[in-house]
Amino acid sequence: MRITGISTHVAGTPWRNLTFVQVHTDEGLVGVGEARMLNHTDALIGYLAEAERNHVIGSDPFDTEDLVHRMKYGDYGRAGEIAMSGIACVEMACWDIVGKALGQPLWRLLGGKVRERIKAYANGWYTVERTPEAFHTAALKVVERGYQALKFDPFGTGTMELDHAETMRSVSLVEAVRDAIGPEADLLVEMHGRFSPATAIRLAGLLAPFEPSWLEEPCPPENLKALAKVSAHTDLPIATGERIHDRIEFRELFELQAVDIIQPDISHIGGIAETRKLAATAETHYVMVAPHNVGGPVLTAANLHLAACTPNFKIQEHFNDFADSAIKGVAPGLPEVVDGYFALPEAPGLGVELDLDALAEFPRQRANFNLFADNWHLRDPAGTK
């Protein structure tokens, strides 16, 4: 079997574009991959067009190790977010083809299941006014939907520092959410790399009474020693990793013992096997894995297969029950979240199929999402400035 070409399709929402890749073969099997490329969709599509002719066409989709290695190192330049995302799209589509060819769900080919269901947490649910009352009401809807965990960023446009008024406002939002979801549900606090170590440490102390299950990306990702300083000054678990695009770059993070949960994004770190290798390394450091996922149904399916067979998996991020829920229709087959958990996918390959007619209902948007703009949490460019 040989790859004859790839095709790209973009589905748009006001705040994000999702790029779907189909890998075609001479035996008629077609695999699908996906990436959410924040504000750089054209760059991703451009890379894929060059990689198609330079590396992909003529490759055996079963030889994913060779294909990924050639795509990552064969151009000599150091691969970053764009290249690693393109590699990921093609790699997960190849795994989809392999599973279909063998008639098996992918997790069976990656070592088999280590769990019967996959715990999920909701994101994208807090598109409301930034008040304790509004956040409380929105959080109630999440637990009423059956989720036992949710994540949110309460810090507005916070950058490096947070003044006293905004600090108290942010803490009040966390308090309101904890009150809404009760003491047993997981409350995950997102910081989006906003703060200096000193500010992050101060906030960690103020949030500790509400028992967050983790603080995510308290400092910008470029300086891992700054993150280690935060980790050394709080008992709260620290999570990070969505903006690290090569598993080799996690080495220093492990050596510093700066993190308790890593959050690689399958679609930005080179694909399923690269993430699985990283998870195995994390396991030797007693670090859990909670993959970052702002994608649609194909990327979510890829995450579920990884979760099914990864011993140190913790919990799976999911947007599409609260943000752009209709997007699930572009690739039917994904299990629904029931009582806070996904069932294991059972269909061959990734278990989802791209519906181009449904995708046409989501034309590409001029999405320009800025996490430091006013009212960014509304995920509506018309409501931000």
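Within every chain, residues take consecutive numbers counted from 1 along the sequence as written. Local features in this predicted model are restricted to residues whose pLDDT is 70 or higher, and side-chain atom pairs enter the listing and the counts only when it is 80 or higher, whereas totals over whole chains, interfaces and linings include all residues. Only heavy atoms go into the side-chain values, all of them from the structure, while hydrogens and water stay out.

### Some points on unusual backbone geometry
Moving on, step 1. Of note in the backbone geometry, Asn 39 takes a positive phi value of approximately 65 degrees without being a glycine.
Moving on, step 2. A helix here means a DSSP run of H or I that spans at least four residues, while a strand means a run of E at least two residues long, and both kinds are numbered starting from the N terminus. Tracing the chain through its elements places Asn 39 in the loop between strand 3 (30–36) and helix 1 (41–56).
Moving on, step 3. A positive phi angle is found at Glu 211, which is not glycine, with a value near 50 degrees.
Moving on, step 4. Counting through the fold element by element, Glu 211 comes out in the loop between helix 7 (197–207) and strand 7 (214–216).

### Regarding the sheet that holds strand 2 (residues 17–25)
Across a sheet, paired strands are connected by hydrogen bonds in the backbone, their directions being either parallel or antiparallel.
Moving on, step 1. Being paired, for any two strands, means DSSP has found at least two bridges between them. Overall, antiparallel pairing links the three strands, which are arranged 1-2-3 in an open sheet. Two strands bound the open sheet, and with one partner strand each, they are strand 1 (3–12) and strand 3. Across this sheet, the average inter-strand angle for adjacent strands is 20 degrees, counted without regard to direction.
Moving on, step 2. With nine bridges joining them, strand 1 and strand 2 adopt antiparallel strand pairing. Within strand 2, the residue paired with Thr 8 across the bridge is Val 21.
Moving on, step 3. Whether two residues touch is decided by their heavy atoms; if any such pair falls within 4.5 Å, the residues are in contact. Every axis corresponds to a line fitted to the C-alpha atoms, with the helix fit spanning only the stretch in contact, and the corresponding angles, defined between N-to-C directions, vary from 0 to 180 degrees. Across the sheet, helix 3 (residues 81–102) lies against strand 1, strand 2 and strand 3, angled at about 150 degrees from strand 3, the strand it touches most.

### Describing the UniProt feature "domain: Mandelate racemase/muconate lactonizing enzyme C-terminal" (unreviewed entry) in the protein
Moving on, step 1. UniProt positions are given in the numbering used here, feature names are shortened, and annotations may be inferred rather than shown by experiment. Here the UniProt-annotated "domain: Mandelate racemase/muconate lactonizing enzyme C-terminal" (unreviewed entry) positions come out as residues 132–237.
Moving on, step 2. When the span residues 132–237 is considered, its composition is 48% helix and 11% strand, and the gap between its end C-alpha atoms is 24 Å.

### Topic: the layout of surface pockets
Moving on, step 1. Within this model, the largest pocket holds a volume of roughly 600 Å³.
Moving on, step 2. Surrounding the largest pocket, 32 residues form its lining, Leu 38, His 192, Glu 242, Arg 243 and Leu 371 being those nearest its centre.
Moving on, step 3. Taken together, the residues of the lining of the largest pocket sort by class into 10 nonpolar, 11 polar and 11 charged.
Moving on, step 4. Both of domain 1 (3–104) and domain 2 (108–350) provide at least three residues apiece to the lining of the largest pocket.
Moving on, step 5. Grid spacing is 1 Å over the protein atoms alone, the probe is 1.4 Å, and a cavity is where that probe fits but cannot get out, while a pocket is an open set with protein on both sides within 12 Å along at least five of seven lines and lining residues have an atom within 4 Å of a point. Grid points are joined across faces, edges and corners, and a volume is the space filled by probe spheres set on the points. Estimates place the volume of the second largest pocket at around 210 Å³.
Moving on, step 6. If you trace the second largest pocket, you find 14 residues lining it, with Arg 130, Gly 156, Arg 169, Asp 374 and Asn 375 closest to the centre.
Moving on, step 7. Ten residues, namely Ala, Val, Leu, Ile, Met, Phe, Trp, Tyr, Cys and Pro, are considered nonpolar, four, namely Asp, Glu, Lys and Arg, are considered charged, and the remaining ones, Gly among them, are considered polar. A class-by-class count of the residues in the lining of the second largest pocket yields four nonpolar, five polar and five charged. Domain limits in this description derive from either an automatic procedure or a database domain assignment.

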